[in-house]
Amino acid sequence: MVEGTISNSVTYTSVLQNCYNTGACYSTAVGKYGSYVGGIAGSAKGYTSKKAYSDLKNCYSTGTVGFNADGEYAAKAYAGGVTGTAYYLNASNAYYLGTVAEKAVGDGSTLRVNLTDVVAKTADELKSDEVLALLGDAFKKDAGKINGGYPVLTWQTSEGPDVPDVPETEGYTVSVGEGS
């Protein structure tokens, strides 16, 4: 949800919530001023000139993050389990698979960043009923068929891939008459 209008007196707020990522997030490009990759968001920043915080909540990532970059700016490549960088961000109940990133926020941003329960978890912890409860009502338990046992969103079919109904057909015989 994005709210607000840009004017002289109105704040601007964005919210990223109730989501997950299971795919790898990589970049090969690194710019002069830095580049960012995150399991949930590459760059999570509020509207800084208005000092309005953005929110990131109830999310998790199991996808690997990183850069395949070299050259002059390679040292400015930041990858985090949740976000590559953050500024004017309130984040809560955001988790990442601890084996995919060294830290939640890749560049280590702490200035105007509030992190509550933004932590690395093991695969078993992410699949647990405890984390499912922390993620909130938008998630449900995966029956192990579409997301490897990690929580899924309530609108997803978690019993497995839909298998189309194939109607049964009765056998029949074709015969060719004489002279054919």
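Procedures and definitions
Residues numbered from 1 in each chain as written. Predicted model: local features only at pLDDT ≥ 70, side-chain atom pairs only at ≥ 80, totals over all residues. Heavy atoms only, no water. Helix = DSSP H or I, 4+ residues; strand = E, 2+ residues; numbered from the N terminus. Buried < 20%, exposed > 50% of the residue type's maximum accessible area, 1.4 Å probe, protein only. Contact = heavy atoms within 4.5 Å. pLDDT = per-residue confidence, 0-100. Phe/Tyr/Trp six-rings, centres within 6.5 Å; stacked < 30°, edge-to-face > 60°. Lys NZ or Arg CZ within 6 Å of the ring centre and 35° of its normal.

Draft legend 1. Layout of the environment of A138. Structurally, A138 can be placed in the loop between α2 (129–135) and β12 (139–140). Residue A138 is classed as partly exposed on the basis of its relative accessible area of 21%. Counting along the chain gives 15 residues from A138 to L153, while the straight-line C-alpha distance between them is 5.7 Å. Here A138 is in contact with N18, V152, L153 and T154, once residues within four sequence places are set aside.

Draft legend 2. Geometry of the confidence of the model for the chain. Averaged over every residue, the pLDDT of the chain is 81; the share at 70 or more is 79%. For the chain, per-element mean pLDDT is lowest for strand β1 (residues 2–3), which scores 42, and highest for helix α1 (residues 123–126), which scores 97. Note on residues 1–10: pLDDT is under 50 here. Beyond four places in sequence and across chains, it has 18 contacts.

Draft legend 3. Fine view of the packing of aromatic side chains. Under the definition given, this model contains seven aromatic pairs. Taking 5.6 Å as the distance between ring centres and 15° as the angle between the ring planes, the aromatic pair formed by Y36 and Y78 counts as stacked. Here Y36 is found in strand β4 (residues 35–38), whereas its partner Y78 is found in strand β8 (residues 77–80), with 42 residues between them in sequence. Using a relative accessible area of 26% as the deciding quantity, one classes Y78 as partly exposed. Cluster of aromatic residues (ring-pair linked, three or more members): Y20, Y60, F139 and Y150. A cation sits over an aromatic face here: K127 above Y150, 4.9 Å from the ring centre.

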